Amino acid sequence: MSQAELTTAPAALPPRRGLWTLGILRSELVTTLRRWRTVALLGVLAAVPVLIGIAVRIETGDGSRGGPGGGGGGPAFLSQVTNNGLFLVFAALSATLPVFLPMAVGVIAGDSVAGEASGGTLRYLLVAPAGRTRLLLAKYVSVLAFCLTATLVVAVSALVTGALLFPVGEVTTISGTRIGFGEGLLRAGLIALVVAASLVGFAALGVFVSTLTNSGIAAMAATVGVLITAQILDTMPQLDAIHPYLFPHYWLSFTDLLRDPVYWDEMVRNLGLQALYAAVFGSAAWARFTAKDITV
């Protein structure tokens, strides 16, 4: 080998590592989003806004348009759905965020590593020269992609259902002012992004739990169990001192995007808390996974 070849050979390694990283990331994204379990979860999430819209339509079939208390109880914004179908987006996200969305994320995140271990494929994935760190990062990114996809599925399903079943037009904000339909649609998109970002910390927690066991079912159950426990703790007034540190505490802060002007304080706290959870449990997952003895 010539001196020139010896000099230039090391420079070819970083692009090759980058190609491996992109290849693993693409593979993880395709695998995660094409699984029947994922498709089934997305189907259930898409059905929730449809069921809410049909229920409201049947209840107001006498031609009433809601008003105070209209539309009965249920998720926030439900009473405004009959006046403007765009509110079905806000109502559907309010209904799915506390339970359905995080449970779906918990299933995907909990199975991300443990599922591969229980299926005996994790060892073969680690044979590739991408390394454990990049494999774990690719799995976490694929879970985040599911968070965004699931949130958009709920939002789009609600938007289509609301437009088909109810009139659409100007939006009355929580502050009592009115904004155009275009701006309301833009805020609906921003709300969907904030909801997806609200699941970032829980996704990292789920991936960490997934590194602790070789059983996918156990990891999924434990992740969902943590979710339920945190939700219960967040409703107990005796524990109000720890509420601001629980990952679901600020989940519904996205409603402040419907104020005029927008109230940002709690949304910033929410995003900061999610970033903290992602950093802590992401680091814990990395520490555990890089030291994990893969024997199956």
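Conventions and cut-offs
- Residues numbered from 1 in each chain as written.
- Predicted model: local features only at pLDDT ≥ 70, side-chain atom pairs only at ≥ 80, totals over all residues.
- Heavy atoms only, no water.
- Helix = DSSP H or I, 4+ residues; strand = E, 2+ residues; numbered from the N terminus.
- Buried < 20%, exposed > 50% of the residue type's maximum accessible area, 1.4 Å probe, protein only.
- Contact = heavy atoms within 4.5 Å.
- Areas by Shrake-Rupley, 256 points an atom, 1.4 Å probe, with all protein chains shown as cover.
- Salt bridge = Lys/Arg side-chain N within 4 Å of Asp/Glu carboxyl O.
- Phe/Tyr/Trp six-rings, centres within 6.5 Å; stacked < 30°, edge-to-face > 60°.
- Axes fitted to C-alpha atoms, helices over the stretch in contact; angles between N-to-C directions.
- Parallel < 35°, antiparallel > 145°, perpendicular 65-115°, else oblique.
- Left-handed = near helix turned anticlockwise from the far one by under 90°.
- 1 Å grid on protein atoms, 1.4 Å probe; cavity = no way out; pocket = protein on both sides within 12 Å on 5 of 7 lines; lining within 4 Å.
- Points joined across faces, edges and corners; volume = space filled by probe spheres on them.
- Nonpolar A, V, L, I, M, F, W, Y, C, P; charged D, E, K, R; others polar.

Trainee: Now, about the overall build of the chain: what can you tell me, with residues and values included?
Mentor: Looking only at helices and strands, the chain has 11 helices and two strands in total. When the helices and strands of the chain are read in sequence order from the N terminus, they spell out α-α-α-α-α-α-α-β-β-α-α-α-α. Each of the 296 residues in the chain was classed as buried or not, and the buried ones make up 42%. Taking as baseline every contact in the chain between residues at least 6 positions apart, the subset at least 24 positions apart corresponds to 75%. Element-wise, carbon and sulfur atoms account for 68% of the exposed surface of the chain, whose accessible area totals about 14,000 Å².

Trainee: Explain the pattern of salt bridges to me, and be specific about the residues and the numbers.
Mentor: Proximity of charged atoms lets side chains of opposite charge pair with each other. Within this structure, the stated rule accounts for five salt bridges. For Arg35, the salt bridge is made with Asp111, and the minimal N-O distance between the two is 3.6 Å. Of this pair, Arg35 sits in the loop between helix H2 (13-34) and helix H3 (36-59) while Asp111 sits in helix H5 (residues 100-119), and the two are 76 residues apart along the sequence. Overall, Arg35 belongs to the partly exposed group, its relative accessible area being 29%. Here Arg37 ties to Asp111 by a salt bridge, and the two come within 2.5 Å at their closest N and O atoms. Here Arg37 is found in helix H3, whereas its partner Asp111 is found in helix H5, with 74 residues between them in sequence. Here the salt bridges share partners, and the residues they tie into one network are Arg35, Arg37 and Asp111.

Trainee: With reference to specific residues and values, describe the packing of aromatic side chains.
Mentor: Centre distance and the angle of the planes are the two values used to describe a pair of aromatic rings. All chains considered together, the criterion is met by six aromatic pairs. Considering the side-chain rings of Phe202 and Phe247, the 5.3 Å spacing of their centres and the 20 degrees angle between planes classify their relative orientation as stacked. Of this pair, Phe202 sits in helix H9 (residues 200-210) while Phe247 sits in the loop between helix H10 (216-234) and helix H11 (265-291), and the two are 45 residues apart along the sequence. By relative accessible area, which is 0% here, Phe202 ends up buried. Aromatic side chains Tyr277 and Phe281 sit 5.7 Å apart centroid to centroid with 20 degrees between the ring planes, which places their arrangement in the stacked category. Taken together, the positions of Tyr277 and Phe281, both in helix H11 and four residues apart, correspond to about one turn of that helix.

Trainee: Explain the packing of helix H7 (residues 131-165) against H11 residue by residue, including any values.
Mentor: H11 packs onto H7 with a crossing angle of 135 degrees between their chain directions and a minimal axis gap of 10 Å. The orientation of H7 relative to H11 falls into the category oblique. Of the two elements, H7 crosses H11, and the hand of that crossing is right-handed. In this structure, H7 uses Arg132, Thr133, Leu135, Leu136 and Tyr140 to contact H11, whose residues at the interface are Ala278, Ala285, Trp286, Phe289, Thr290 and Ala291.

Trainee: Quick one: what's the story with empty space enclosed by the protein, residue by residue and with numbers?
Mentor: Over the atoms rolls a probe the size of a water molecule, and in doing so it shows where empty space is left. In this structure the tally under the stated criterion is one cavity of 30 Å³ or more. By volume, the largest cavity amounts to about 80 Å³. Lining the largest cavity, in full, are Glu28, Thr32, Arg35, Arg37, Thr38, Ile108, Ser112, Glu116, Lys139, Ser142 and Val143. Elements represented by at least two residues in the lining of the largest cavity include exactly H2, H3, H5 and H7. Of the residues that constitute the lining of the largest cavity, the class distribution is two nonpolar, four polar and five charged.

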